[in-house]
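Listed here are the chains, written in short residue letters.
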Amino acid sequence: GITRLQQAAEGRKPETGGELSLPQDPELLSDFIVESREHLANIEAQLLTLERNPREPEALNSVFRGFHSIKGLAGFLELSEVQALAHKVETLLDRARNAQWTITGEAIDVILKSADHLNRWLAHMESLLQNRPSDPPLPDSALLSRMAALGMESRESPELAAAILDAAIWDGPGELAAIAAAVEIGAARESLPDPVSAVPVPASRHEIR
């Protein structure tokens, strides 16, 4: 299954025997679910190490690679919601890997909740593949707000919040409200810089695409 995903991501047609396009191929989606769950299980294990040592490079790199892999494969399979969330967490982790930001207890909780949300998406896709009724998980505005606030709390890297904004795939008022709430949190902290002051808020989702 992983070989099929790798072949597809590299542009080679996998031997699935079906007529569906690659993003719609049930076998590829099933492989994606299996591999993503393995990544998420490893992420949870590595976060235990980061709780003890937030700068442990091997654990940081492993967690980053997990979200990076999920993001890449989700993008290939046109799973935009999964890709967007994985990309946002990846943005935070990349700063930590480059010593521009330190993982905190709040960050670990946000990463875990992001992994839980991705697991709910995997369960939803699995239900659809098994022809069982399922509704997609609703966007978690509270989680998005906490994620954006984490970027604004980084005094070492005030551009982190802007990077999260740039990484976002805007899904409508829910996410805009989440970012606005994070901006209010940042404004209340007198000692913090204003990292998003230079980032224009789009009048509509079409302007950011």
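Data block above holds the structure.
> Please give an account of the nonpolar core that cites residues and values.
Core analysis: the largest hydrophobic core is formed by 39 residues, its most contacted members being Phe32, Phe67, Leu79, Val82, Leu93, Ile103 and Ile111. Taken together, the elements giving at least two residues each to this core come down to α2 (26-52), α3 (57-76), α4 (80-97), α5 (105-129) and α6 (141-152). Broken down by element, the residue count for this core peaks at nine residues, all from α5.

> Would you mind going over α4 in detail, with residue names and values included?
End to end, α4 covers 25 Å across 18 residues, agreeing with the expected 26 Å (1.5 Å per residue, within 8%). The set of residues buried in α4 consists of Val82, Ala84, Leu85, Ala86, Lys88, Val89, Glu90, Thr91, Leu92, Leu93, Arg95 and Ala96. Just downstream of α4 lies alanine 99, where phi reads positive at about 60 degrees.

> Kindly report on the packing of α3 against α4, identifying the contributing residues and their values.
Two elements in contact, α3 and α4, have axes whose closest approach is 8 Å; the angle formed by their N-to-C orientations is 150 degrees. The angle between the axes of α3 and α4 places the two elements in the roughly antiparallel class. Judged by the sense of rotation from one axis to the other, the crossing of α3 with α4 is left-handed. Contacts between α3 and α4 involve Leu60, Asn61, Val63, Phe64, Phe67, His68, Ile70, Lys71, Ala74 and Gly75 from the first element and Val82, Gln83, Ala86, His87, Val89, Glu90, Leu93, Asp94, Ala96 and Arg97 from the second. Taken together, the residues of the contact of α3 with α4 sort by class into eleven nonpolar, five polar and four charged.

> Summarise the environment of tryptophan 101; cite the residues concerned and give the values.
Within the secondary structure layout, tryptophan 101 lies in the loop between α4 and α5. Judged by its relative accessible area of 6%, tryptophan 101 falls in the buried class. Spatially, the C-alpha atom of tryptophan 101 lies 9.5 Å from that of arginine 55, the residues being 46 residues apart in sequence.

Rules behind the numbers
- Sequence order as written defines residue numbering, which begins from 1 separately in each chain.
- Residue-level local features of this predicted model are given only where pLDDT is at least 70; pairs of side-chain atoms are given and counted only at 80 or more, and the full residue set underlies all totals for whole chains, interfaces and linings.
- Excluded from the side-chain calculation are hydrogens and water; included are all heavy atoms of the structure.
- For this analysis, a nonpolar core means a set of buried residues of the types Ala, Val, Leu, Ile, Met, Phe, Trp, Tyr and Cys, connected via side-chain atoms within 4.5 Å.
- When a residue's accessible area, from a 1.4 Å probe over protein chains only, is under 20% of the maximum for its type it is buried; when over 50% it is exposed; and in between it is partly exposed.
- Secondary structure elements follow DSSP: runs of H or I of four or more residues count as helices, runs of E of two or more count as strands, with numbering from the N terminus.
- Expected helix span is given by 1.5 Å per residue-to-residue step, counting one fewer step than there are residues.
- Lines fitted to C-alpha atoms define the axes here, with helix axes fitted over just the stretch in contact, and angles between the N-to-C directions of these axes take values from 0 to 180 degrees.
- Any angle that is under 35 degrees is reported as roughly parallel, and any over 145 degrees as roughly antiparallel; angles of 65 to 115 degrees are reported as roughly perpendicular and all others as oblique.
- Helix crossings are classified by the rotation of the near helix relative to the far one: an anticlockwise turn of less than a right angle makes the crossing left-handed, while a clockwise turn makes it right-handed.
- The criterion used for residue contact is that any of the two residues' heavy atoms lie within 4.5 Å.
- Classification convention: Asp, Glu, Lys, Arg as charged; Ala, Val, Leu, Ile, Met, Phe, Trp, Tyr, Cys, Pro as nonpolar; all other residues, Gly among them, as polar.

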